[in-house]
Amino acid sequence: MSRSGIATAGPIGQPVRSRAWPALTLAAAFGLLLMSAGGVSAQDVSASDGPLFVGVDRVGEGVVADALRIHHSAPMAGAELTLVVEGAQPGEPVTVVFSEAVAAPPSLLQRLWSEPERILEEEAGALPTLWIADDRGLVVIAVALIRPDDAGRVVTAQAYSAFAASAPLSLTVQPPLLLIPAGEGIERIDLRDGRRLLPPITGGTDLLGAAISRDGRTGYVLHDGGRLAVHDTREWNRLAAVRLLPAASDTLAGSRIAGPAFALSRPRAEPFTPPGSAVFVDDEVDGVDGELLLGPMGRPVGARRWALSHDGLTAFVAEDMLLVREIDLLSRRSVGVYPVGSIADEAIEDMLLTDRRLHVISRRSGERSGGTLTVLDLDSGVMSTTRLDATPARLLALGAGRVLLLPRDAGVATLVVDGLPMSDVIAPRSPSGEPGRWIDAAVTSRGTLLLRRDAQGLHHLDLLDADDVPRPFAAAVPAATRLVGAGFDAAVLVGGADGLVRRVDVTTGSVEVLPGIDAGRHAPFLVLD
């Protein structure tokens, strides 16, 4: 294949002439400015775009390395990738060179070729593009990674202005993943289409936590005894390194924005539970590995014990005594403690941070049903609580300020809108009038899919319609305890008595077993999205 053109079909693959591409001289920059009359509309830059850069050697005579910086959002399939070049002068021409364009995500190439006047001459498969810095000295390039073949592709870029250059940037686009132990490793299931990905993750089948670095190139898996396995995401079956965290570490907090932020170490003892700690797993700060002492965390939590803000700078951790601690991840300090729930509650069951609101559900003590929904608005600081009649089990973000609160073995879920309970989602009754019970729910491309069990023990799938009323979607599906999705064309059923993992095609309603995976009924699983 010739490297003088881009190896894709259609307008994405228009070849360009080859020319050496050094850092721009001042005269060349002025000429490019004339070519690009009108410039580019500035876009708002989210605070979630974290910096990632490394040192650059000499890039050209008179060029200052690292004077420009490229910030980026997470390279996650199905999400928007934003690249922000910082450090230019307002109105200054900036060239962003996408090297190895043949390996770039098709969505990115399509975005670039949608404005062919930006495309300059190519060198050995690289794709140079011209932009004009806005009045803040920023260049913002945003693209939605929505093509099916974006996952696994690589974004390599470097920015140049007249006398400055950035460090080279390299990102790997990751699909949303379901991780579940099976056989001799940890299976990876692509939540876009429900396919099993090979190879499995080797190095043990105990799965306590997992995260992917913010450039998508490194994967982390937490095993028993505080063993943190580090993998190259292109070769999950090869172990790149092992880090030893405190032996009581049993949770790895991370997100597509922050990567592996910290591990939670929860030592156990009787009769009193000792304090836990947040153990930071990134580089040392001032020569010391960070560890922040927290309150006791011995009580179990049904789902998430932690939540990270969208910008990856703030964490919230559920502790015992119905407390949620706020942590500044830059200074690695506790900046607040919030009491949640009510005096009748025993423990936090789940927490979810979405749309700048922290949602926390807590359950009653003993065998009593019921609980409390606590919502903290991070912008206003206002906290509200709502009593729940059914014992809460799980929170699911539906987008646009909507959260679904699922009960534990009950037939009425609660739709929370902008932090306030707005309506009930009632499980359909059987033909004989017996009520159904909600088990789990997942967001798919068709909408919100709900897993239900009827009075006879049969399982069904329902789909919320535009009025938030559940309508039958698939009847008599195999028994399962969890339904997992990530907003794409498939959902996954796990936790059945036979231990099999099943893919639900939401475009057809069909359910099929994923071959080669026998996870066991009680196998833990994690979602990376």
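Here goes a summary of the coordinates provided.

**What about the overall build of the chain?**
- Helix and strand counts for the chain come out as two helices and 42 strands.
- Expressed as a percentage of the 529 residues in the chain, the buried residues total 52%.
- In the chain, the proportion of contacts linking residues at least 24 apart, taken out of those at least 6 apart, comes to 50%.
- With an accessible surface of roughly 23000 Å², the chain has 53% of that area assigned to carbon and sulfur atoms.

**A word on empty space enclosed by the protein**
- All told, the structure shown has five cavities of 30 Å³ or more when counted by the stated rule.
- One number sums up the size of the largest cavity: a volume of about 50 Å³.
- Forming the boundary of the largest cavity are Arg 299, Pro 300, Val 301, Arg 305, Glu 319, Asp 320, Met 321, Leu 322, Ala 347 and Ile 348.
- Broken down by class, the residue content of the lining of the largest cavity amounts to six nonpolar, no polar and four charged.
- Here the second largest cavity defines a volume of roughly 40 Å³.
- Lining the second largest cavity are Ala 74, Pro 75, Met 76, Gln 174, Ile 212, Ser 213, Arg 214, Gly 216 and Arg 256.
- Grouping the amino acids of the lining of the second largest cavity by side-chain chemistry returns four nonpolar, three polar and two charged.

**A short note on the nonpolar core**
- In this structure, Leu 83, Val 85, Val 96, Phe 98 and Leu 127 are the most contacted members of the largest nonpolar core, which totals 31 residues.
- Contributions of two or more residues to this core are made by strand E4 (80-86), strand E5 (93-99), helix H2 (106-113), strand E6 (127-132), strand E7 (138-144), strand E8 (154-160) and strand E10 (169-172).
- Filtering out sequence-adjacent residues up to four positions away, Leu 83 remains in contact with His 71, His 72, Phe 98, Val 139, Val 140, Ile 141, Val 155, Leu 169 and Leu 171.

**Observations regarding the sheet that holds strand E33 (residues 420-426)**
- Strand order in the open sheet formed by four strands is E30-E31-E32-E33, and the pairing between neighbours is antiparallel. The open sheet has two edge strands with one neighbour each: strand E30 (392-399) and E33. Taken pair by pair, the neighbouring strands of this sheet meet at an average axis angle of 25°, ignoring direction.
- Direction of pairing for E30 relative to strand E31 (residues 402-407): antiparallel, over a ladder of six bridges. For Gly 399, the partnering residue across the bridge sits in E31 and is Arg 402.

**As for the pattern of salt bridges**
- Under the counting rule described, the total for this entry stands at 30 salt bridges.
- Ionic pairing is found between Arg 325 and Glu 319, a salt bridge with its closest N-O pair at 2.5 Å.
- Since its relative accessible area comes to 15%, Arg 325 is described here as buried.
- Between Glu 512 and Arg 503 there is a salt bridge, and its shortest N-O distance comes to 3.6 Å.
- Of the residues examined, Arg 503 reaches a relative accessible area of 15% and is grouped as buried.
- Salt bridges sharing partners connect three or more residues here, namely Asp 190, Arg 192, Asp 193 and Arg 195.

**Examining the environment of Gly 295**
- Tracing the chain through its elements places Gly 295 in strand E21 (residues 291-296).
- Using a relative accessible area of 10% as the deciding quantity, one classes Gly 295 as buried.
- Separated by 22 residues in sequence, Gly 295 and Thr 273 place their C-alpha atoms 9.3 Å apart.
- Residues within four places of Gly 295 in sequence aside, it is in contact with Pro 275, Gly 276, Glu 319 and Arg 325.

What counts, and where the lines are drawn
Residues numbered from 1 in each chain as written. Predicted model: local features only at pLDDT ≥ 70, side-chain atom pairs only at ≥ 80, totals over all residues. Heavy atoms only, no water. Helix = DSSP H or I, 4+ residues; strand = E, 2+ residues; numbered from the N terminus. Buried < 20%, exposed > 50% of the residue type's maximum accessible area, 1.4 Å probe, protein only. Contact = heavy atoms within 4.5 Å. Areas by Shrake-Rupley, 256 points an atom, 1.4 Å probe, with all protein chains shown as cover. 1 Å grid on protein atoms, 1.4 Å probe; cavity = no way out; pocket = protein on both sides within 12 Å on 5 of 7 lines; lining within 4 Å. Points joined across faces, edges and corners; volume = space filled by probe spheres on them. Nonpolar A, V, L, I, M, F, W, Y, C, P; charged D, E, K, R; others polar. Core = buried A, V, L, I, M, F, W, Y, C linked by side-chain atoms within 4.5 Å. Pairing = 2+ DSSP bridges. Axes fitted to C-alpha atoms, helices over the stretch in contact; angles between N-to-C directions. Salt bridge = Lys/Arg side-chain N within 4 Å of Asp/Glu carboxyl O.

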